[in-house]
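Reading the structure
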Amino acid sequence: MKNINIEVGLRTAYDINKEMKKAAESNDTITLKNVLGQRFIGSGISKEIKIKIYGVPGNDLGAYMDGPEIEVFSNVQDAIGNTMNKGSIIVHGSCGDTAGYAMRGGEIFIKENVGYRVGIHMKEYLDMKPAIVIGGTAGDFLGEYMAGGVIILLGLNASKKQPLTGKFCGTGIHGGAIYVNGTIESHKLGKELKPVKMEQKDISLIENYIKQYRKYFKYEDEIKTDKFSKYMAVDTNPYKKMYIKY
Amino acid sequence: MSISLITPQFEVLRDEKKCIQCKVCVKQCANEVHRYDEEDNVVLADDAKCVNCHRCVVLCPTKALKIRNNSLEFRDNANWNGKAINEIFIQAETGGILLSSMGNPKPFPIYWDKMLLNASQVTNPSIDPLREPMETKVMIGRKPKKLEFDKKGKLITEIPPQIELNMPIMFSAMSYGSISKNAHEALARAAEKLGIVYNTGEGGLHKDFYKYGKNTIVQVASGRFGVHLNYLEAGVAIEIKMGQGAKPGIGGHLPGIKVGEDVSATRMIPVGADAISPAPHHDIYSIEDLSQLIFSLKEATNYKKPVLVKIAAVNNVAAIASGIARAGADAIIIDGFRGGTGAAPTRVRDNVGIPIELALAAVDQRLRDEGIRNEVSIVCAGSVRNSSDIVKAIALGADAVYIGSAALIAIGCHMCHSCSTGKCNWGIATQEAELVKRLNPDLAYQKLVNLLSAWNHEIKEMLGGMGINAIDSLRGNRLMLRGVGLNQKELDILGIKHAGE
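Since this is a predicted model, take the numbers as computed values, not measurements. Numbering of residues starts from 1 in every chain and runs along the sequence as written. In the order they appear in the text, chains get letters beginning with A and ligands get numbers beginning with 1. Reporting of local features is limited, given that this is a predicted model, to residues whose pLDDT is at least 70; pairs of side-chain atoms are given and counted only at 80 or more, and all residues count toward the totals for whole chains, interfaces and linings.

Here we look at the overall build of chain B
For chain B, the helix and strand inventory stands at 15 helices and 21 strands. For 501 residues, the compact-globule estimate of 2.2 N^0.38 gives 23 Å, and the C-alpha radius of gyration of chain B, at 24 Å, lies within 12% of that figure. Along the first, second and third principal axes, the C-alpha atoms of chain B reach 90 × 55 × 45 Å. Using C-beta atoms placed from the backbone, we call a residue buried if 20 or more other C-beta atoms fall within 10 Å of its own, exposed if 12 or fewer do, and partly exposed for counts in between. Burial status across chain B gives 52% buried among its 501 residues. Within chain B, contacts between residues at least 6 apart in sequence are counted, and of these 68% link residues at least 24 apart. We count a stretch as a helix when DSSP gives it H or I for four or more residues in a row; a strand needs E for two or more, and each element gets its number in order from the N terminus. Values of the radius of gyration come from C-alpha atoms, whereas the globule rule sets the reference at 2.2 Å times the count of residues to the power 0.38. Contact definition: two residues whose C-beta atoms, as placed from backbone geometry, lie within 7 Å.

As structure tokens, then:
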């Protein structure tokens, strides 16, 4: 495994990405140190390399990403994995809004909490089935306009003060599934989202992602699957009766 | 169920003396208007299903058919006319949002037709493009403020990426899904032949069309359908669609019924899934956020491609355009309220947005006033119908124009405003294999080449008449325009004088 260390500091995102793209050609791992909010890190790299990030990366981490595995040892900002096609992003902390916007493939693992509109417009296509696994809790509009893939909300730190999800869950959803460790109160469900029965295959799917979560974050306690519930779209073609041609 | 109150919009007139019961009309009409009655050996029509697309009229071998507006009249009433009444009937019966296709049909002023062009007489010789060189090539993209050369005279200023166009015309965004594969093929091949570009729309890029990359603009819109690295790198430029003139403030819904195998593969969504493009991009709430999307695309493609931003012409278009220029866009597309669409809520299409002529003039003036006009190209869209509209647009400040409806008309569209049904009898706005194959891409491509070659020549004639030999010398040259029948406010916004002044 060939690694290259890149000191980031006050350098521009343009500069860093240029160096990373070049480094990706001849290295297996890239380690970024002292990242200070630079945007677009990992965007436009289509090689399956590992990128380790120390410091806080800026918005659009891994945008249009097509292969790399990014591991961040801190919190991250907004729109990570924007329109991502392949690869994974592992965050040892919390993340901001719109994580996984329109992602079509790959996986995002967040150790702690996520902001608003996470998983918005996620899609799936053939064997590309993206997943977002959240260890903590989620803000409003989780899975808004979701069209495919899965969101798994573990809620490990959920409490009365910090509820599992915010309001308007799955507003506009027309595909994919949201699994939560517990239940979403009915007043928080978007009108296009409904609870469906958990089946054995759902349990197996969740267990698989939990296994990965525990491995990535060295989470030692057991995470039981008996309290999980599943939510899906009320209708996969929600607007077919909305219009009348004239 | 109660009796429907809706009466047919059109009447199908069949000249029984000419009809030979060949049943061509029966076979050709996807709306199933015509029906052959074997017992009486007669072809009958159900007027209610007719959309007036002229397919049967054109193909009838004995020219026995005519379609006309239904002569059934409501009692005269300028306010409650037949259209207003029927719209209420249909909504009361269905509860649906009225859906229309193509551009705003209402009789709002068309400013192109209220502006006239100048020509040279006596004091400044006109130029004959048949004998003298005439430049209609344009470059779309950000231009540097100044050029610097080294001691040997070699250019050292880095020129940002540009789209090179042989004429100031591009085919506007129409997705694969809204129009057929054959229609896309015709546009792509014509763009290649003419040295211009076509636009994928928000529907991804079919694998067969990557080879036309040099003549392709790929679009990124709120649904991000079919967007991935190879796609972004496939074209000569990337267009971010923020808005559309036909439906400002509204997103798009491609119903699952139009998402067959091929459209599914191109959009990268399951067969039969609705393709919903939300009204906003949910990561864009400000000019700064737009800048982030622009630069995320530039980063992903190594700053090798211009990034264009398309907006609908709305009230504050000039200020918005200024923000877009400062956000890092290489070109701004302004789409007027007459722009076409595969489907838009009728009320939005007919009542939202402003005329492109006024928007274009306002944007060009604002960017000049702020000293940033060089930082973006301006593309004028939203009903450009002919070469004189183009010349006027350029004189008002456009670098190039987008044409959509005009291109579709060239390949057979008869403006029946029924694209949303997916039953286009001309094989354009449909995904039904039987209908798609009616559009022969070899012939359609040639028609597009014919049309634009003719327009390019007409542009040269008009330029030559003004004594100008390069399209760049006309850009923003509003002294070449005069208004007729316009009030002072309109003249001020257009930045032109009245005829006679």
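Some words on the environment of Ala177(A)
With respect to the element layout, Ala177(A) can be found in strand β9 (residues 175-181). Sequence-wise, Ala177(A) and Gly149(A) are 28 residues apart; in three dimensions their C-alpha atoms are separated by 6.5 Å.

Things to note about the packing of helix α8 (residues 317-327) of chain B against helix α10 (residues 356-369) of chain B
Residues and elements named next belong to chain B. For the pair α8 and α10, interaxial distance at closest approach is 8 Å and the crossing angle is 50°. It follows from the interaxial angle that α8 and α10 lie oblique. As α8 runs across α10, the sense of the crossing is right-handed. Contacts between α8 and α10 pair Val317, Ala318, Ala321, Ser322 and Ala325 from the former with Ala359, Ala362, Val363, Arg366 and Leu367 from the latter. Residues are grouped as follows: nonpolar covers Ala, Val, Leu, Ile, Met, Phe, Trp, Tyr, Cys and Pro; charged covers Asp, Glu, Lys and Arg; every other residue, Gly included, is treated as polar. Counted by class, the contact of α8 with α10 contains 8 nonpolar, 1 polar and 1 charged residues. Each axis is a line fitted through C-alpha atoms, taken for helices only over the stretch in contact, and angles between the N-to-C directions span 0 to 180 degrees. Any angle that falls under 35 degrees is termed roughly parallel, while one over 145 is termed roughly antiparallel, one within 65 to 115 roughly perpendicular, and all others oblique. Crossing handedness follows the turn of the near helix against the far one: under a right angle anticlockwise gives a left-handed crossing, and clockwise gives a right-handed one.

Things to note about the domain arrangement of chain B
Residues and elements named next belong to chain B. For chain B, the domain assignment lists domain 1 (10-96) and domain 2 (138-498). Taken over C-alpha atoms, the centre of domain 1 sits 35 Å from the centre of domain 2. In terms of residue class, the side of domain 1 that touches domain 2 is built from 4 nonpolar, 4 polar and 1 charged. Where each domain begins and ends follows an automated or database-derived domain assignment.

Here we look at the interface of chain A and chain B
Taken together, the contacts link 39 residues of chain A with 37 residues of chain B. A total of 3 residues in the side of chain A that touches chain B trace back to one element, the largest contributor, which is strand β12 (residues 243-245) of chain A. Residues of the side of chain A that touches chain B, tallied by class, amount to 16 nonpolar, 14 polar and 9 charged.

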